[in-house]
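Reading the structure
Okay, here's what each chain looks like letter by letter:
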Amino acid sequence: MGKRLEQAIERYHDIQEQNLLGGGIHHIERQHNRGKLTARERIDVLIDPGTFNELGSCVGTTGVRMDGREALAPCDGAVVGTALVHGRTVMIYASDFTVLGGSTAAQHLLKFAKTLQMAARWGIPMVNLLDSSGGRLGHTDVVPAGVDWYFRSQSLYSGVMPQITVLMGPCIAGGAYLPTLCDFLLMSRISANMWLGGPRQTQAATSEVFDKNVGGADYHMQLSGSADTVGDDDEATIKQCRELLQYLPQNFREKPPRWERSDDPLRETAALNDLVPDDFEETYDMHAVIEQLADNGEYLEIKDEYAKSLITCFCRLDGQAVGIVANNPKFPGGMNINACDKYYRFLQALDAYNIPLINLVDTPPVVPGEAEEKLGLNRHTGKILDVYATTTVPKISVILREAYADAGSMLMGGVKSMGADLTFAWPIARFAVEASTLNYGEVYGKGIEADAYEVYLNRSREKVDVFDVGHTWTAQMVDEIILPKDTRKKLIGALALTGSKQERLPARAKNHTTPPV
């Protein structure tokens with residue numbers, strides 16, 4: 001070995017050793033004392049052991065402050081590379097909070113942006129392990145350099161390959177666009193915060209002082225609906241990401257992976273006879289129904305604490321990944337504005353990544369009222385009609401008890417002409433335009449025509465039994481009446497029937513519609 005090569009190898013090892021320490025032992029201890037993992041520890045939790053291949057490890061080993069002093073910046077605070085998760089390749093970006101607070105500057109952002117472009121070109125998911133204080137203020141580096149490029153790339157490659165952010169630290173101002181532009185946002189309860197205007201910025205601009213919980217994981221799960229899952233700490237949240245990746249394909253060209261059969265596809269679900277009351281006034285928890293249908297009773301719920309009258313989740317049926325959208329009679333509200341947002345976002349992801357949709361229907365109509373109307377209820381229900389009609393993945397519906405008006409029929413796939421491939425119904429199912437049982441004569445008094453009650457008002461709430469649908473409404477609105485105990489078997493059979501479905505939308509100049517927002 002020549003001396004020059006020997007010196008170069010020694011220099012390489014020095015840099016790698018420095019990288020492993022990040023910003024130094026002191027900053028690593030501070031990170032641990034806050035209940036957080038370091039960037040490299042987070043990567044180890046996410047990946048299959050020993051599979052990480054780092055890229056750009058020798059970039060940005062020092063940073064220069066405005067006063068001329070040098071600041072140690074291994075990897076420029078961005079650890080990036082590829083690894084295997086469940087045997088499949090993913091691209092990883094992990095901001096290192098021990099290095100200048102995980103702050104972003106030109107080298108950091110360019111590493112970040114290039115990995116996204118590589119992931120899109122290679123057709124592999126992009127996972128961001130985010131813990132950053134934002135732009136690197138007070139340094140000679142250009143703070144916003146590359147951030148605009150990254151946001152544009154995120155949008156251009158949206159739906160090309162899965163983009164997932166696991167947020168385990170602060171995310172402020174322009175940086176908050178990054179997780180919201182991803183397909184899924186997972187937040188750590190003990191460490192994640194996200195604001196477009198942080199507490200200090202907001203106070204300086206408007207004098208408003210808000211509670212410390214504003215912007216936290218539970219806030220964005222329960223109130224804003226921005227978070228898709230919440231974990232108790234870094235490790236739990238990253239493990240949710242590992243689970244999520246099992247349901248997603250590598251890119252839009254592929255179907256989601258089919259895992260080895262672990263549950264009998266012919267298993268009956270007789271317990272559903274008792275779980276779902278045949279008294280329409282009684283409520284129940286739809287989660288128990290999903291547990292009966294899914295392989296081994298396992299599923300991953302998305303936005304579980306947001307718009308709780310609607311359930312969105314991933315599960316497997318005979319090893320095949322599917323997305324379930326289900327009404328939950330346990331909680332009031334039906335298809336309100338928040339439920340529409342939750343449904344719309346989930347269905348966009350299913351359609352982008354070729355994941356079949358299963359609707360479990362038991363819902364009253366959309367509930368009107370001034371509060372919802374003034375916030376644009378019609379716009380929000382309209383965008384569900386748009387996304388459902390233009391979604392090309394297999395769409396299968398099961399009507400358990402009630403499918404009323406637009407909520408139970410059009411929005412949840414209870415009407416075949418909206419594009420449902422197969423619609424099943426239980427023997428107790430019934431249909432109607434509205435659910436009300438009020439005496440309209442008493443409500444309206446003399447303000448209506450004498451015959452309106454019989455001709456229109458009474459007819460609108462007439463409940464049509466599933467056996468009579470073909471006689472009173474239209475033939476084959478329901479493809480088949482099925483028994484509750486056969487529901488799982490019928491769904492697995494329907495997935496097999498529709499597995500080769502090919503549907504193309506009408507040609508248009510642009511590859512998107514213009515739905516209500």
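About the cut-offs
- Residues numbered from 1 in each chain as written.
- Predicted model: local features only at pLDDT ≥ 70, side-chain atom pairs only at ≥ 80, totals over all residues.
- Heavy atoms only, no water.
- Core = buried A, V, L, I, M, F, W, Y, C linked by side-chain atoms within 4.5 Å.
- Buried < 20%, exposed > 50% of the residue type's maximum accessible area, 1.4 Å probe, protein only.
- Helix = DSSP H or I, 4+ residues; strand = E, 2+ residues; numbered from the N terminus.
- Contact = heavy atoms within 4.5 Å.
- Pairing = 2+ DSSP bridges.
- Axes fitted to C-alpha atoms, helices over the stretch in contact; angles between N-to-C directions.
- Polar contact = N/O pair within 3.5 Å; in protein donor to acceptor, adjacent residues only side chain to side chain.
- Parallel < 35°, antiparallel > 145°, perpendicular 65-115°, else oblique.
- Left-handed = near helix turned anticlockwise from the far one by under 90°.
- Nonpolar A, V, L, I, M, F, W, Y, C, P; charged D, E, K, R; others polar.
- Expected span 1.5 Å × (residues − 1).
- Arc of directions from axis to C-beta.

Considering the nonpolar core
Grouped together as the largest cluster of nonpolar side chains are 64 residues, with contacts concentrated most on Leu46, Leu129, Phe184, Phe314 and Tyr343. Here this core takes 9 residues from helix 12 (residues 337-352), the largest share from any one element. Sequence-distant contacts of Phe184, defined by excluding residues within four places in its chain, comprise Gln163, Ile164, Thr165, Asp228, Leu244, Leu248, Ile302, Phe314 and Ala349. Counting residues in hydrophobic clusters, the runner-up holds 29 residues, among them Ala113, Ala119, Met194 and Met221.

Examining the pairing of strand 16 (residues 395-404)
Most of strand 16 sits inside the fold, with 10 of its 10 residues counted as buried. Pairing analysis gives 6 bridges linking strand 15 (residues 357-363) to strand 16, with the strands arranged parallel. Pairing of Ile358 across the sheet is with Ile396, part of strand 16. Relative to strand 17 (residues 422-425), strand 16 runs parallel, the two sharing 4 bridges. Bridge pairing in strand 17 places Ser397 opposite Thr423. Pairing of strand 16 with strand 18 (residues 430-432), which is carried by 3 bridges, proceeds in the parallel orientation. Residue pairing across strands places Tyr404 opposite Ala432, the latter belonging to strand 18.

Focus: the sheet that holds strand 5 (residues 88-95)
Strands sit in the order 1-4-5-6-7-9-11 across an open sheet of 7 strands; the sheet is mixed. Sheet topology places strand 1 (53-55) and strand 11 (229-231) at the edges, where each strand pairs with a single neighbour. Sheet twist, expressed as the average angle between the axes of neighbouring strands with direction ignored, equals 20°. Bridge analysis of strand 9 (residues 184-188) against strand 11 gives 3 bridges, and the strand direction is parallel.

Some details on the side chain of Gln31
Considering the arrangement of structural elements, one finds Gln31 in helix 2 (residues 25-33). Its relative accessible area of 2% is what places Gln31 among the buried residues. A polar contact is formed between the side chain of Gln31 and the backbone oxygen of Leu37, at a distance of 3.0 Å.

Comments concerning the packing of helix 3 (residues 39-46) against helix 9 (residues 234-245)
Each pair of packed helices gets described by two things: the angle between the helix axes and the distance between those axes. Their axes nearest at 9 Å, the elements helix 3 and helix 9 cross at an angle of 40°. As judged from the angle between their axes, helix 3 and helix 9 are oblique. Between helix 3 and helix 9 the crossing geometry is right-handed. Residues Arg42, Val45 and Leu46 of helix 3 form the contact with helix 9, whose own contacting residues are Asp234, Glu235, Ile238, Lys239, Cys241 and Arg242. Considered class by class, the residues forming the contact of helix 3 with helix 9 number 4 nonpolar, no polar and 5 charged.

What about the environment of Thr381?
Tracing the sequence through the fold places Thr381 in helix 14 (residues 377-390). In contact with Thr381, other than residues within four places in its own chain, are Cys340, Val366 and Leu411.

Let's talk about the environment of Phe431
Of note, Phe431 is situated in strand 18. The exposure class assigned to Phe431 is buried, which follows from its relative accessible area of 0%. Separated by 28 residues in sequence, Phe431 and Ala403 place their C-alpha atoms 5.1 Å apart.

Section: helix 19 (residues 487-498)
Residues spaced three or four apart along an α-helix point in a common direction, a consequence of the helix completing one turn every 3.6 residues. An ideal rise of 1.5 Å per residue puts 16 Å on 12 residues; helix 19 measures up with 16 Å between its terminal C-alpha atoms. Among all positions of helix 19, only Thr487, Arg488, Leu491, Ile492, Ala494, Leu495 and Thr498 are buried. Mapping the buried residues of helix 19 onto a view down its axis gives an arc of 160°, with all of them on the same face. The exposed residues of helix 19 that point more than 90 degrees off its buried face are Ala496 and Leu497.

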